[in-house]
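Chain and residue survey
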Amino acid sequence: MIRRGLAAGVLVIAAWVVLPVWQPQDQGPPMARSMPGVTATLPPATELRGPAPAPMRYAYQPECPDQSGPCLRWHLVSTGGEQWWLPGASGEDTFVLSDDGTRAAYWRGKGYVLHDLMTGTVTPLPVRGEQEPIFSLDGRHLAVGREVADLATGRVHRLNGEARGWTSSGVITSTLKPDDRTPGQVSVTFFTVSSPEGRRLRRFTAPGDLSSDGVLSPSGRQFATLTREVTPTSVTTTSILISRERSVTPRLPTGWTITAILRWTGEDTLLVRLRGPLSRIAYNVVDLTTGRPLPGGVEERGLSTVIGRLD
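Source: prediction; values computed, not measured.

Moving on, we get to the overall build of the chain. Scanning the chain from terminus to terminus reveals 1 helix and 27 strands. By sequence separation, contacts in the chain at least 24 residues apart represent 42% of the contacts at least 6 residues apart. For the chain, the exposed area adds up to about 14,500 Å²; of that, 51% sits on carbon and sulfur atoms.

Turning next to the sheet that holds strand E11 (residues 122-124). One open sheet accounts for 4 strands, arranged E8-E9-E10-E11; its pairing is antiparallel. Whereas interior strands pair on both sides, the edge strands pair on one side only; in this sheet they are strand E8 (95-97) and E11. Sheet twist, expressed as the mean angle between neighbouring strand axes with direction ignored, is 25°.

With that settled, the discussion passes to the sheet that holds strand E12 (residues 133-135). Pairing is antiparallel in the open sheet, where 4 strands are placed in the order E12-E13-E14-E15. Because the sheet does not close on itself, it has two edges, and the strands there are E12 and strand E15 (156-158). Between one strand axis and the next, the sheet turns by 25° as a mean value, whatever way the strands run. Both strand E14 (residues 147-150) and E15 contribute to a ladder of 3 bridges, which runs antiparallel. Counted as the bridge partner of Val-148 is His-157 from E15.

On to the packing of aromatic side chains, then. Counted under the stated rule, the structure contains 4 aromatic pairs. Grouping aromatic residues by their ring pairs yields a cluster made of Trp-74, Phe-95 and Tyr-106. The ring of Trp-85 is capped by Arg-73, whose NZ or CZ atom sits 4.0 Å from the centre of that ring.

Overall, the prediction assigns the chain a mean pLDDT of 77, with 75% of residues at 70 or greater. Counting contacts from residues 1-42, a segment whose pLDDT is below 50, to residues more than four positions away or on other chains yields 147 contacts.

The next thing to look at is the side chain of His-115. Among the secondary structure elements, His-115 is positioned in strand E10 (residues 111-116). A relative accessible area of 5% means that His-115 is categorised as buried.

Turning our attention to the pairing of strand E24 (residues 257-266). For E24, the buried fraction is high: 10 of the 10 residues fall into the buried class. Here E24 hands over to strand E25 (residues 269-275) after 2 residues, the two strands then running antiparallel side by side.

So, on to the pairing of E14. Every second residue of E14 is oriented toward a common face, with Glu-147 and Ala-149 on one face and Val-148 and Asp-150 on the other, all of them buried. Of the pairings in the sheet, the one linking strand E13 (residues 141-144) to E14 comprises 4 bridges and is antiparallel in character. Counterpart to Val-144 in the pairing with E14 is Glu-147. Between E14 and E15, which pair antiparallel and follow one another directly, the connecting turn spans 5 residues, one of which, Gly-154, has a positive phi of 85°.

Under the counting rule described, the total for this entry stands at 4 salt bridges. For the salt bridge of Glu-47 with Arg-49, the shortest nitrogen-to-oxygen distance reads 2.8 Å. Its salt-bridge partner being Asp-99, residue Arg-263 comes within 2.7 Å of it at the nearest N-O pair. Residue Arg-263 is found in strand E24, and its partner Asp-99 is found in the loop between E8 and strand E9 (103-108); the two are separated by 164 residues along the sequence.

Let's shift gears to the environment of Arg-73. Assignment of secondary structure puts Arg-73 in strand E6 (residues 73-78). It is 4.0 Å that separates the C-alpha atoms of Arg-73 and Gly-91, two residues lying 18 residues apart in sequence.

In this structure, Val-298 sits in strand E27 (residues 298-307). The class for Val-298 is buried, based on a relative accessible area of 1%. Between the alpha carbons of Val-298 and Arg-273 there is a distance of 9.8 Å; along the sequence they are 25 residues apart.

Cut-offs applied
- Residues numbered from 1 in each chain as written.
- Predicted model: local features only at pLDDT ≥ 70, side-chain atom pairs only at ≥ 80, totals over all residues.
- Heavy atoms only, no water.
- Helix = DSSP H or I, 4+ residues; strand = E, 2+ residues; numbered from the N terminus.
- Contact = heavy atoms within 4.5 Å.
- Areas by Shrake-Rupley, 256 points an atom, 1.4 Å probe, with all protein chains shown as cover.
- Pairing = 2+ DSSP bridges.
- Axes fitted to C-alpha atoms, helices over the stretch in contact; angles between N-to-C directions.
- Phe/Tyr/Trp six-rings, centres within 6.5 Å; stacked < 30°, edge-to-face > 60°.
- Lys NZ or Arg CZ within 6 Å of the ring centre and 35° of its normal.
- pLDDT = per-residue confidence, 0-100.
- Buried < 20%, exposed > 50% of the residue type's maximum accessible area, 1.4 Å probe, protein only.
- Salt bridge = Lys/Arg side-chain N within 4 Å of Asp/Glu carboxyl O.

Now the structure itself:
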C-alpha cells in the first residue's frame, strides 16, 4: 500500500525546523517573516472542529524521538498563521492539500475521505485506489491511481494510465518505454493529457533522462527539468531546462542548489526544493524570468512537510 510520498501540488518529504527569521541574501534564500519558530517552541496546535477561519498554507508533521503525541497527526498552518490538527487524519498516512488550501484528502479507516476545511464537512471518496491522491488545479477533481473522482458530482471515471499530475485542461498520465531508435540504454516517456472523464486530448514524448523528475506547466505546453553536474563530492544543479528550448540559470546564494522541482505555480514560476550549507533544506518559488527565488519561502528542520502554495 502506498500512503506516503509525492503528489502534485503537495509533497511529503523529510526536511528541517521552520526558522522565523528573514535570511540575508548571502546566507540563504529569502524566508517568510511570519513562519512559526522551532518545533520545541511552537504554540500547540488546536483541534479543528468545524470550519477553518482561513485556507491552509501548508501542513507538516513534527519530528519526535518516540513518534508519539503531536507526531501522530498532521499539523496545518493557515494563511492567517493559526495552527490546527484534524481528528482522524493519522500521521502514518497520506495527507494532501488542494491548491487553494481549502480542501484536504487523507486516508481514514478503509479509504480516502475529502475534508472541506471551509465548512468542516468530511465525505468518503468513491475511489478504490490506494495510490497518492492528486488534486486538479481548480480543486474540483481528485485523481487516485487510474481513477478520477469528480468532487462536485461524486462520479468516478477510469483512466488508461496512472495519474501523474494535472494541467489546466486535464489529467496527465505517463508510460516509460525503451527507445529502439537510439543506441544505448535510452528510454522514452509517453505523456497523455486527458479530460477528467478520460477522453484523450493530447499526447507527446520526452526522453526518459529528462522526464524522471520533470514537471508539466499548468498550460501543459512547457516541461521543466533539471540539468546537473556530478563531481566526486556533490551533485549540483546547473540550470533549469524548459522544454529543451531555453535554459534558466538559478541565481541562488552561494552554497545553495536546487534538488527537485515540485510543481509549477504559474507559467513563469516553479516551486522547488533547495539544499544549502550544513544540509539545510528550504522550499522556494523561483521566478523563471530572473532565475531568482521569490520572498515567502520556508526553511525547515526536523519536520516532514506537505507544501502548498508559497507565492
